[in-house]
Amino acid sequence: MALASAPAGAEGVPSGQPLVLWQVLWERVEGQGTQAVLRFIAPGIAPGGGVGIDAAQADMDRLCQTHGVPVAALGYARSDTVVLDLMDRPVPRGETDREATRYVSVYSILDGACVPENF
């Protein structure tokens, strides 16, 4: 099941960069259940944008808690895993763009908290 959302802002991330919530998708992963995928446009992660990997990771940790946990808890689309995708420009899901900067983090949702996963 996929739901494309209208662009919406995401405020209050540690880096202070402006973000736009680009898409929210639900994907069934064989043997693992359903994951919610939240994709954000984050122009600050582009080369010269001033937001490096550590700051982007802190942003994704915050976004998981503020956006991922509520989405994962939706009764009609419950998810045990949240994937956060920051990209400096829109890149279609499943495609690559060698010019784009992207950071992805995966979290398990346990008792309403985000637990980073290694992948």
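Residues numbered from 1 in each chain as written. Predicted model: local features only at pLDDT ≥ 70, side-chain atom pairs only at ≥ 80, totals over all residues. Heavy atoms only, no water.

### Quick look at the overall build of the protein chain
Going by this rule: Helix and strand labels come from DSSP, where a helix needs a run of H or I of at least four residues and a strand needs a run of E of at least two; each type is numbered from the N terminus. Accessible area is worked out with a 1.4 Å probe on protein chains only. A residue is then buried under 20% of its type maximum, exposed over 50%, and partly exposed in between. Whether two residues are in contact is decided by their heavy atoms, any of which lying within 4.5 Å being enough. Per-residue and other accessible areas were derived by the Shrake-Rupley procedure at a 1.4 Å probe size, with only the shown protein chains allowed to occlude residues.
Along its length, the protein chain carries one helix and seven strands. In sequence order, the secondary structure elements of the protein chain are arranged as β-β-β-β-α-β-β-β. Relative to its 119 residues, the protein chain shows a buried fraction of 44%. Excluding contacts between residues fewer than 6 apart, the proportion of contacts in the protein chain whose partners are at least 24 apart in sequence is 53%. Carbon and sulfur atoms make up 53% of the accessible area of the protein chain, which totals about 6,500 Å².

### Regarding the confidence of the model for the protein chain
Convention followed: The quantity called pLDDT is the predictor's confidence in a given residue, expressed from 0 to 100.
The predicted model of the protein chain has a mean per-residue pLDDT of 89, with 90% of residues at 70 or higher. Between residues 1-8, whose pLDDT stays under 50, and residues either more than four places distant or in other chains, the model counts 19 contacts.

### Quick look at the nonpolar core
The test is simple: We define the nonpolar core as a collection of buried residues of types Ala, Val, Leu, Ile, Met, Phe, Trp, Tyr and Cys that are connected through side-chain atoms lying within 4.5 Å of one another.
Formed by 26 residues in total, the largest nonpolar core has its most connected members in L38, F40, V82, L84 and L86. Put simply, the parts of the chain that give this core at least two residues each are β3 (19-29), β4 (33-41), α1 (53-72), β5 (81-87) and β6 (102-110). Looking at this core, the element that brings in the most residues is α1, giving seven residues.

### Some thoughts on the state of the cysteines
Rules: In this description, the term disulfide denotes a pair of cysteine sulfurs within 2.5 Å.
Applying the stated criterion across every chain yields a total of one disulfide. What pairs with C64 in a disulfide is C114, and their sulfur atoms sit 2.1 Å apart. Between C64 and C114, the disulfide has an S-S torsion of -95° and is therefore left-handed. With C64 in helix α1 and C114 in strand β7 (residues 113-117), this residue pair connects regions lying 50 residues apart in the sequence. Each of the two residues, C64 as well as C114, counts as buried.

### Details of α1
Cut-off, in case you're wondering: To estimate the expected span of a helix, count its residues, drop one, and scale the result by 1.5 Å. Bend, at a single residue, is the angle you get between axes fitted to the 7 residues ending at that residue and the 7 residues starting at it.
Between its terminal C-alpha atoms α1 stretches only 25 Å, short of the 28 Å expected from 20 residues at 1.5 Å a residue. Considering bend angle alone, the principal kink of α1 is centred on C64 and spans about 40°. Of the residues making up α1, those classed as buried are A56, D59, M60, L63, C64, H67, G68, V69, V71 and A72.

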